[in-house]
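Below are the chains, spelled out letter by letter.
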Amino acid sequence: GEVATKYPEFVKIVEVGPRDGLQNEKEVVPTKVKIQLIDMLSGTGLSVIEATSFVSSKWVPQMSDHSDVLRGIQRAPHVQYPVLTPNMQGFQDAVAAGATEVAVFGSASETFSRKNINCSIDDSMLKFEEVIKAAKEQQIPVRGYVSCALGCPYEGRIEPAKVAEVASKLYGIGCYEISLADTIGVGTPGSMLQMLQRVTQEVPISALAVHCHDTYGQALANILTALQVGVSVVDSAVAGLGGCPYAEGSSGNVSTEDVVYMLHGMGIETGVNLDKVMEAGDFICSALNRKTNSKVSLARNRKL
Amino acid sequence: MGNFPTAVKHCLSYEQLIKDYPWLRRWLQEEKTKYPEFVKIVEVGPRDGLQNEKEVVPTKVKIQLIDMLSGTGLSVIEATSFVSSKWVPQMSDHSDVLRGIQRAPHVQYPVLTPNMQGFQDAVAAGATEVAVFGSASETFSRKNINCSIDDSMLKFEEVIKAAKEQQIPVRGYVSCALGCPYEGRIEPAKVAEVASKLYGIGCYEISLADTIGVGTPGSMLQMLQRVTQEVPISALAVHCHDTYGQALANILTALQVGVSVVDSAVAGLGGCPYAEGSSGNVSTEDVVYMLHGMGIETGVNLDKVMEAGDFICSALNRKTNSKVSLARNRKL
């Protein structure tokens, strides 16, 4: 049987371990460990490493050293180090600390938006517009996230049309790339396909990324589906760092190692050196005193 | 209308076509991927799963597990293995297990029978379906079942001949279909050769097993394209191990090629003897979750499978390997 499947030749991996990963780890990690992790990742071939989040340290203590982290890392040439900036204050602090790319975080779920960032979707868009306007003045690119793209812990099913609306709004106000996040990992190839089919009616596919959580073990199958639709940007986290705040004990981010293993096995280029990512994974798991969430890393008999 | 070249460009432009008829993209994309409407799950937890668990499980626990699985909607439950207990102590109670289970109507309970002795013991214990286990790797065959691929086929032919006389269907496995712990890469042509041989000597279904879980959608596609040149797709199944986290993606790929039979194990029972501490079988819960999410029918009740998973994990004093089960906050 022949399969009419065209895959991208190259997939850009957006490494979110130091931000989305560490943010969801219980153990607070010292600044120098964060810096060392990012420096190790900088040598793996990854071209985008989300470094930290300029969110209020009252809300996310793990990210309270954001300025020190951003100032402390050794920036590799050809690597971007985006940082989250939820509002103007965060943006200004980020710029002061040397940020050259930022990200804003919207939601397809009204309830999640209110509970997570304390404002409605519409109001959050106003804040993001402010940030993007200021960012444009400084030639700083802005990436947009749409959380709950395949389901919400409060609202349950999320309509693809709503995801398209929010994604298209973020794109319209100036985000160069929109990452569609399956925040609670409930998505399947079925819902992923349906959602992407709707979103691509409003946002060009080259501007889309997928951010799949592996809480239900569906991440790689969902990523595969996205690649088949034509998405060529995939978010992942070294060692699968970060749990799921909505499912105690469960995993969150899909691991970069497992994604890269799959892509390379399919002949898709990423520019990433899997062994070096595993080394970075070993390092951070050791520092966190935890086992890796990456099955590839585990199978390759890493020290932990 | 504008000038002629512009109008022609407008008509010939695919992008313009999509803009003018937005539903077309969706239609074209739907046309590309056809999935089976129904997938048969072959539950291998009680055999492949338990066989690879360190802790030996009492007979009554095995029986209770199978009885629980019999109530989940699964139509095939691999019950045990009639292999020498010297080799596989976990399966030494094979006759007692097979005799002790409550057979549900419409459920098959195949058992492994590596040779005539095993087959005869299985029949004596009431077996109504058996399975034989070949390999695409010569080295793995010799190390795992102590004989060459060709010699193993002779043994299987013997079993199949006897099985046919008793109207007992025989399922064939091809291990190392996507890689071997000793030989590394396995040629798709070799997998096709062994699969086709097993099919030719009378196996009604051939399960292609990624024994060490190294396969990816790339190697899965390549292997299936070659095997389907020699064995009809309706006679093929995939048996994916999740050692490298690739199982669901590999299964998805197989479904896209047209495979509609998938092996899995409740709670992802069974480790990997070739990667200490790693997982083996893909978990039935995670497979069923994916299939149902895609609108593919299985007849299986996910909640009941999770209950069976809770039970056996409790008995084994271990955590489930199923992420779905874990996320749904089962007791363990």
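If you're wondering where the values come from, they're calculated on a predicted model, not measured in any experiment.

Draft legend 1. Focus on the overall build of chain B. Helix and strand counts for chain B stand at 15 helices and 9 strands. With 332 residues in all, chain B has 57% of them scored as buried. A separation of at least 24 residues holds for 74% of the contacts in chain B among residues at least 6 apart in sequence. Carbon together with sulfur atoms contributes 51% to the accessible area of chain B, which is approximately 13,900 Å² in total.

Draft legend 2. Focus on the overall build of chain A. Counting secondary structure elements, chain A contains 12 helices and 9 strands. In terms of overall size, chain A behaves like a compact globule, its C-alpha atoms giving a radius of gyration of 18 Å where 304 residues would be expected to give roughly 19 Å. Overall, the C-alpha framework of chain A stretches about 55 × 50 × 35 Å when taken along its three principal axes. Split into buried and exposed, the 304 residues of chain A put 61% on the buried side. The contacts in chain A between residues at least 6 apart in sequence include a share of 75% that link residues at least 24 apart. Of the roughly 11,200 Å² that chain A leaves accessible, carbon and sulfur atoms contribute 48%. Looking at charge distribution, chain A has the averaged site of its 26 positive side-chain charges lying 2 Å from that of its 33 negative ones.

Draft legend 3. Highlighting the UniProt feature "domain: Pyruvate carboxyltransferase" (unreviewed entry) in chain A. What UniProt calls "domain: Pyruvate carboxyltransferase" (unreviewed entry) maps, in this numbering, to residues 11–278 of chain A. What you have in residues 11–278 of chain A is 41% helix and 14% strand, and the ends, taken at the C-alpha atoms, are 19 Å apart.

Draft legend 4. Representation of the pattern of salt bridges in the model. This structure, assessed with the given rule, holds 24 salt bridges over all chains. A salt bridge links Asp242 of chain B to Lys295 of chain A; the shortest N-O distance between them is 2.7 Å. Here Lys295 of chain A lies in helix α12 (residues 295–299) and Asp242 of chain B lies in the loop between β8 (236–240) and α12 (247–257), a pairing that spans two chains. One salt-bridge network, held together by shared partners, links Lys12, Arg143, Glu177 and Asp235 of chain A.

Draft legend 5. Spotlight on the sheet that holds strand β5 (residues 102–107) of chain A. Across the sheet, 9 strands lie side by side as β2-β1-β9-β8-β7-β6-β5-β4-β3 (chain A); this open sheet has parallel pairing. Edge positions in the sheet fall to β2 (48–49) and β3 (52–53) of chain A, since each has one partner strand and no second.

Draft legend 6. Representation of the interface of chain A and chain B in the model. Across the boundary between the two partners, chain A contributes 41 residues, which contact 42 residues of chain B. Summing the contributions of chain A and of chain B, the shared interface buries around 3,400 Å²; its carbon and sulfur component is 53%. Among the residues of chain A in contact with chain B, Tyr216, Tyr261 and Lys295 of chain A are the three that bury the most area, contributing 19% of the side total. Linking chain A with chain B are 2 salt bridges, by the criterion used here. With a shortest N-O distance of 2.7 Å, Lys323 of chain B and Asp214 of chain A are connected by a salt bridge. At the junction of chain A with chain B, the criterion picks out 11 residue pairs in polar contact (both at pLDDT 80 or more). Where the side of chain A that touches chain B is concerned, the elements lending two or more residues are α8 (189–199), α9 (219–229), α10 (256–265) and α12 of chain A. Here the element with the most residues in the side of chain A that touches chain B is α9 of chain A; it accounts for 6 residues. Partitioned by chemical class, the residues of the side of chain A that touches chain B number 16 nonpolar, 19 polar and 6 charged.

Draft legend 7. Structural detail: the sheet that holds strand β9 (residues 261–264) of chain B. Residue and element names in this part refer to chain B. Read across the open sheet, the 9 strands follow the order β2-β1-β9-β8-β7-β6-β5-β4-β3; overall the sheet is parallel. The outermost strands of the open sheet, each flanked by one partner alone, are β2 (76–77) and β3 (80–81). Pairing analysis gives 4 bridges linking strand β6 (residues 170–175) to strand β7 (residues 205–210), with the strands arranged parallel. What sits directly across from Arg171, in β7, is Glu205. Contacts from helix α11 (residues 217–227) reach β7 and β8 within the one sheet, and its direction differs from that of β8 by about 155 degrees. Packed on one face of the sheet, α12 meets β7, β8 and β9 and runs near 170 degrees to β8.

Draft legend 8. Helix α2 (residues 31–42) of chain A, seen in detail. A rise of 1.5 Å per residue sets the reference length of α2 of chain A, with its 12 residues, at 16 Å; its end C-alpha atoms lie 16 Å apart and thus fit the reference within 8%. Listed as buried for α2 of chain A are Val33, Lys34, Ile35, Leu37, Ile38, Leu41 and Ser42 of chain A.

Draft legend 9. Molecular detail of the packing of α10 of chain A against helix α11 (residues 274–288) of chain A. All names here are of chain A. Following both chains from N to C, one finds α10 and α11 inclined at 170 degrees, their axes separated by 10 Å at the closest point. Here α10 is positioned roughly antiparallel relative to α11, judged by the angle of their axes. Contacts between α10 and α11 involve Thr256, Glu257, Val260 and Tyr261 from the former and Leu274, Val277, Met278 and Gly281 from the latter. A class-by-class count of the residues in the contact of α10 with α11 yields 5 nonpolar, 2 polar and 1 charged.

Draft legend 10. Seen up close, the side chain of Ser236 of chain A. Residue and element names in this part refer to chain A. Tracing the backbone through its elements, the reader meets Ser236 in strand β9 (residues 233–236). Of note is the side chain of Ser236, whose polar atom sits 2.7 Å from the side chain of Thr256. Ignoring any residue separated from it by four or fewer positions in sequence, one finds Ser236 in contact with Ile13, Val14, Glu15, Val16, Gly17, Val254, Ser255, Thr256 and Val259.

Draft legend 11. Molecular detail of α9 of chain A. Residue and element names in this part refer to chain A. Along α9, 11 of the 11 residues are buried, which leaves the element largely enclosed by surrounding structure. Taken together, the buried positions of α9 are occupied by Ala219, Leu220, Ala221, Asn222, Ile223, Leu224, Thr225, Ala226, Leu227, Gln228 and Val229. Directly after α9, the chain includes Gly230, whose backbone phi takes a positive value near 120 degrees.

Draft legend 12. Layout of the nonpolar core. Membership of the largest hydrophobic core comes to 201 residues, with the highest contact counts inside it found for Leu170, Leu180 and Ile223 of chain A together with Leu198, Leu208 and Ile251 of chain B. With near-sequence residues (within four places) excluded, Leu170 of chain A lies in contact with Val104, Met125, Phe128, Gly144, Tyr145, Val146, Cys175 and Ile178 of chain A.

Quick notes on the rules
- Residues numbered from 1 in each chain as written.
- Chains lettered and ligands numbered in written order.
- Predicted model: local features only at pLDDT ≥ 70, side-chain atom pairs only at ≥ 80, totals over all residues.
- Heavy atoms only, no water.
- Helix = DSSP H or I, 4+ residues; strand = E, 2+ residues; numbered from the N terminus.
- Buried < 20%, exposed > 50% of the residue type's maximum accessible area, 1.4 Å probe, protein only.
- Contact = heavy atoms within 4.5 Å.
- Areas by Shrake-Rupley, 256 points an atom, 1.4 Å probe, with all protein chains shown as cover.
- Rg over C-alpha atoms; globule rule 2.2 N^0.38 Å.
- Lys, Arg positive; Asp, Glu negative; His and termini not counted.
- Charge placed at Lys NZ, Arg CZ, Asp CG, Glu CD.
- UniProt positions renumbered as here; feature names shortened; annotations may be inferred.
- Salt bridge = Lys/Arg side-chain N within 4 Å of Asp/Glu carboxyl O.
- Pairing = 2+ DSSP bridges.
- Buried area = accessible area lost by both parts, 1.4 Å probe.
- Polar contact = N/O pair within 3.5 Å; in protein donor to acceptor, adjacent residues only side chain to side chain.
- Nonpolar A, V, L, I, M, F, W, Y, C, P; charged D, E, K, R; others polar.
- Axes fitted to C-alpha atoms, helices over the stretch in contact; angles between N-to-C directions.
- Expected span 1.5 Å × (residues − 1).
- Parallel < 35°, antiparallel > 145°, perpendicular 65-115°, else oblique.
- Core = buried A, V, L, I, M, F, W, Y, C linked by side-chain atoms within 4.5 Å.

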